[in-house]
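Understanding the architecture of this molecule
Each chain, letter by letter, is given below.
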Amino acid sequence: MENGVYYGDGYSGDGGYMEQEEEWEREGLLDPAWEKQQKKTFTAWCNSHLRKAGTAIENIEDDFRNGLKLMLLLEVISGETLPKPDRGKMRFHKIANVNKALDFIASKGVKLVSIGAEEIVDGNLKMTLGMIWTIILRFAIQDISVEEMTAKEGLLLWCQRKTAPYKNVNVQNFHLSFKDGLAFCALIHRHRPDLIDYSKLSKDNPLENLNTAFDVAEKYLDIPRMLDPDDLINTPKPDERAIMTYVSCYYHAFQGAQQAETAANRICKVLKVNQENERLMEEYERLASDLLEWIRRTMPWLNSRQTDNSLAGVQKKLEEYRTYRRKHKPPRVEQKAKLETNFNTLQTKLRLSNRPAYMPTEGKTVSDISNAWKGLEKAEKAFEEWLLAETMRLERLEHLAQKFKHKADTHEDWTRGKEEMLQSQDFRQCRLNELKALKKKHEAFESDLAAHQDRVEQIAAIAQELNTLEYHDCMSVNARCQRICDQWDRLGALTQRRRQALDEAERILEKIDILHLEFAKRAAPFNNWLDGTREDLVDMFIVHTMEEIQGLIQAHDQFKATLGEADKEYNLIVGLVREVETIVKQHQIPGGLENPYTTLTAGDLTRKWSDVRGLVPQRDQTLANELRKQQNNEMLRRQFAEKANNVGPWIERQMDAVTAIGMGLQGSLEDQLHRLREYEQAVYAYKPHIEELEKIHQAVQESMIFENRYTHYTMETLRVGWEQLLTSINRNINEVENQILTRDSKGITQEQLNEFRSSFNHFDKNRSCRLAPDEFKSCLVSLGYSIGKDRQGEMDFQRIMAVVDPNSQGYVHFDAFLDFMTRESTDTDTAEQVIDSFRILASDKPYILPDELRRELPPDQAEYCIQRMPAFKGPGGVPGALDYMSFSTALYGESDL
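This write-up is about the structure you can find in this document. Predicted, not measured: the structure shown is a model, and the values here were computed from it.

1. Structural notes on the overall build of the protein
Within the protein, the regular secondary structure consists of 32 helices and four strands. When the 897 residues of the protein are sorted by exposure, 46% land in the buried category. The contacts of the protein with a sequence gap of at least 6 include a subset with a gap of at least 24, amounting to 74%.

Shown next as structure tokens:
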């Protein structure tokens, strides 16, 4: 717009007040009828804007005299803030306020020649109307542009085009063409056919036509009555400026409706995307919370090391752990995979809709879940190892407890009656030979007592080991061991006192029976050997390997080789008894058959020797049974190793193939997705092999097999490999699907995507699917991206790194790299566009009201905005006003809302 003075419909050059008055006189501004129409129309036009500020005028020449409402009117229609008005009531205060308004009009490129503040303050109607017409031209009509015509010509052309299809309407000017009211009704019907039935209107009823148009415009289009139907009909030539003012309101109302519809559609699109993203975020939070809560509940059980210290209790825990691995954990593995898939899909949608990346709440990020899952797997492994170790420990404890009981029973059988015997005074009535026999008998007992010292020490050592291993019934074991040790000490003391007594009596008794002595000397060690042999033959054992059982069988064979020498010793000892019997019978020695040196008899030795000979085949059978058990265990080891040595390499091959596809080196994205789907089906089809291996593994554990030299694979490593294979396939399928979604939504060709992937893989030397910052910079340069080597270039690169690596992890994944490259050449919705759309709905106000949102948007999205928009806190706000600017920037992550 060129600088000039508003006169009539356009501009004129500089001139004085007289020239302006002559122009008004010539164009009819001074006509009383036109003056009346202008006054009413201009008053209504001013009030249509002043009501937005909660005020109005009644008399146009009086209500603008102090300049306050004039300044307020200019602020409302321009959207700008004028200088603070003077609040005094003196004339110079009013003139100062009017001058501020006139200065503001002049600042918009309008020169108001011969219109001074004094005329407005004095209530000069002509000057006031001229000033208001100038404001209307500048702020209501000037912006109307149709095919580069002037404002008046453009508005006239707009009316002609909109009313061209209507009968009896021929708009050629802004006075006579609108006199019958049909032009007004045609404009309304063209834009809002639901408000007026044009077919029922008649050119012969101008008053009805005018009232209909004015009523409908006021009720439904928020355009106040600015014209009087009677004045239009009764005036030969209605005032052109009044009709232009009123028609311009129609233009702005209908143009605003079209802009509002466009703005509403844009907002609906943005809000729909945001609602879907929020639904995915809520689902992620729910799944993450559920999975983390399950891990939190499971960890105390896996970390618990409390048992009743019994083998049955630990075996029950082991069975509970197997149930957990078979039934409870697999659904959680699927839940974790679904959680990661949903998260990647959400991030892809956010990138495609130009939204900031989603950051889960604290403690629920993908890395937090991954760390928690690793902690769970670590706890599982430790728990299983502890259960197996505890089983071995408690099995050994049970074996030691049985061994302790057997040795204690044998020792207590041996010591039964020994204290009474040592306390006996029988030697005082014996003859010499009987005394000597008692002495020799006592010597034999001492030898026997010394031989049993080792057994007592063994009992004490076993009790100590049971205490060290925390046997659950240590109290009774310790009590029994203490009784045995106390009794042993008493036996030693009693033996010493009896020997001293026999030595005292030995001076009197001299004769000795050599044969009985020889028998006692030979019978005592042989008897001890028999006792020890019987203990060894019935001794319990536990083995875990073929070598151990073969060692026991070899030792038993060596023992059987010594039975010949033992039989000779037995015959020799029995021969001594027979010789004694022969001498006694020959010499008739009274009491000669009684051996005073020992309580052992040939019958005792014969019975024990028979027991030993009978226990040997029983031991043979026990060892043979254990040999068959170990052979069966060896077969189970080989079965597990054969199956594991097939399953393990198969899983590794599948993992390598999936990784190769994930590098994007094999065909198009659809080909990669198809191959990944095939691998997924093949993996699920292979699952029976895993289940078969689980059955064999269960048999191995039930047989208490703890090592397998035929394979380096364990069931745990195969389980982890199987789960990692499933997770890798699902993750790669999700990444390829996201890349397809990015390619299709961003309009990227397959050749561009291949170029991006080829460049990324070229600099990904270690095939880790991510680039270090230096590698990423080299990759950008290879694709033609210019990055300077100066300080500015480094700053630009750091800005790019902040986009592709928002969490400062120190590397760039392919998804982030692809997103960056696509954003360099595509356009998406921005926060500024959404703000402009809301500003149109709000009629250029800096805030928007709930009723305006409900009128322009669908109900669900209107309520969505009302619930999330903060209250407007800026100047000029009204009750209920909402801040759409903060809301729009929050949608794109540009504020802290």
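2. Details of the packing of helix H4 (residues 68-78) against helix H7 (residues 125-141)
The interhelical angle for the contact between H4 and H7, taken along N-to-C directions, is 10°, at an axis separation of 11 Å. With respect to each other, H4 and H7 are oriented roughly parallel. Note on packing geometry: the crossing formed by H4 with H7 is right-handed. Listed contacts from H7 to Leu 70, Leu 74, Ile 77 and Ser 78 of H4 are Met 131, Ile 135 and Phe 139. The class makeup of the residues in the contact of H4 with H7 is six nonpolar, one polar and no charged.

3. Section: the packing of aromatic side chains
Per the counting criterion, the structure on display carries 24 aromatic pairs. Relative to Tyr 324, the ring of Trp 294 has its centre 6.2 Å away and its plane inclined at 15°; by these criteria the two rings are stacked. Separated by 30 residues along the polypeptide, Trp 294 in helix H12 (residues 240-303) and Tyr 324 in helix H13 (residues 311-352) bring together distant segments of the chain. In terms of burial, Trp 294 and Tyr 324 fall into one category: buried. Taken together, the ring pairs in this structure connect Phe 174, Phe 178, Phe 184, Phe 214, Tyr 246, Tyr 250 and Phe 254 into an aromatic cluster.

4. Section: the pattern of salt bridges
The final tally for this structure, using the stated rule, is 54 salt bridges. Here Lys 349 makes a salt bridge to Glu 276, at a shortest N to O gap of 3.9 Å. Pair noted here: Lys 349 is in helix H13 and Glu 276 is in helix H12, with a separation of 73 residues, a long-range link. Take Lys 349: its relative accessible area is 29%, and that puts it in the partly exposed class. Residue class for Glu 276 comes out partly exposed when judged on its relative accessible area of 29%. Two residues, Glu 319 and Arg 322, come together in a salt bridge whose shortest N-O distance is 3.3 Å. On the criterion of helical spacing, the pair formed by Glu 319 and Arg 322 is a turn pair, its members being three residues apart in helix H13. Classification of Glu 319 as partly exposed rests on a relative accessible area of 32%. Among the charged side chains, a salt-bridge network with shared partners connects Arg 325, Lys 329, Glu 380, Glu 694, Glu 716, Arg 719 and Glu 723.

5. Examining the environment of Tyr 785
Relative to the helices and strands, Tyr 785 resides in the loop between helix H26 (773-782) and helix H27 (791-804). Of the residues examined, Tyr 785 reaches a relative accessible area of 22% and is grouped as partly exposed. When the C-alpha positions of Tyr 785 and Met 821 are compared, they lie 9.8 Å apart, and in sequence the two are 36 residues distant.

6. What to know about the packing of helix H29 (residues 831-841) against helix H32 (residues 884-891)
Look at H29 against H32: their axes get within 9 Å of each other, and the N-to-C directions meet at 150°. Judged on the interaxial angle alone, H32 and H29 are roughly antiparallel. Crossing geometry of H29 relative to H32 is assigned as right-handed. On H32, the residues touching Ala 831, Val 834, Ile 835, Phe 838 and Arg 839 of H29 are Tyr 884, Met 885, Phe 887, Ser 888 and Thr 889. Of the residues that constitute the contact of H29 with H32, the class distribution is seven nonpolar, two polar and one charged.

7. Quick word on H4
Residues spaced three or four apart along an α-helix face the same direction, because each turn holds 3.6 residues. Among the residues making up H4, those that are buried are Leu 70, Met 71, Leu 73, Leu 74 and Ile 77. All buried residues of H4 lie within an arc of 155° about the axis, which places them on one face of the element. With its phi angle positive at about 75°, Gly 79 sits one or two positions after the end of H4.

8. Section: the side chain of Glu 535
Among the structural elements, Glu 535 can be located in helix H18 (residues 514-538). In this structure Glu 535 comes out as buried when scored by relative accessible area, which is 9%. Of the polar contacts made by the side chain of Glu 535, one reaches the side chain of Arg 455; its length is 2.8 Å. Aside from chain neighbours lying at most four places away, what touches Glu 535 is His 406, Lys 407, Thr 410 and Arg 455.

9. Quick notes on the nonpolar core
Formed by 79 residues in total, the largest nonpolar core has its most connected members in Trp 45, Ile 135, Phe 178, Phe 184, Ile 188 and Tyr 250. Considering each element in turn, this core owes the most residues, twelve residues, to H7. Setting aside chain neighbours within four positions, we find Phe 184 in contact with Phe 178, Leu 210, Ala 213, Phe 214, Leu 227, Ile 243, Tyr 246, Val 247 and Tyr 250. Judged by nonpolar contacts, the second largest core, of 53 residues, contains Val 658, Val 683, Trp 722 and Phe 776.

10. Here we look at unusual backbone geometry
A positive phi angle, near 60°, is found at Asp 222, a position not held by glycine. Relative to the helices and strands, Asp 222 resides in the loop between helix H10 (206-220) and helix H11 (229-234).

11. Topic: the side chain of Asn 342
Considering the arrangement of structural elements, one finds Asn 342 in helix H13. Look past the residues within four positions of Asn 342 in its chain and what remains in contact with it is Glu 283 and Leu 287.

12. Some words on the state of the cysteines
By the definition in use, this model includes zero disulfides. Residue Cys 485 stays outside any disulfide, its sulfur separated by 4.1 Å from that of Cys 481, the closest cysteine. We classify Cys 485 as partly exposed; its relative accessible area is 24%.

Quick notes on the rules
Residues numbered from 1 in each chain as written. Predicted model: local features only at pLDDT ≥ 70, side-chain atom pairs only at ≥ 80, totals over all residues. Heavy atoms only, no water. Helix = DSSP H or I, 4+ residues; strand = E, 2+ residues; numbered from the N terminus. Buried < 20%, exposed > 50% of the residue type's maximum accessible area, 1.4 Å probe, protein only. Contact = heavy atoms within 4.5 Å. Axes fitted to C-alpha atoms, helices over the stretch in contact; angles between N-to-C directions. Parallel < 35°, antiparallel > 145°, perpendicular 65-115°, else oblique. Left-handed = near helix turned anticlockwise from the far one by under 90°. Nonpolar A, V, L, I, M, F, W, Y, C, P; charged D, E, K, R; others polar. Phe/Tyr/Trp six-rings, centres within 6.5 Å; stacked < 30°, edge-to-face > 60°. Salt bridge = Lys/Arg side-chain N within 4 Å of Asp/Glu carboxyl O. Arc of directions from axis to C-beta. Polar contact = N/O pair within 3.5 Å; in protein donor to acceptor, adjacent residues only side chain to side chain. Core = buried A, V, L, I, M, F, W, Y, C linked by side-chain atoms within 4.5 Å. Disulfide = S-S within 2.5 Å.

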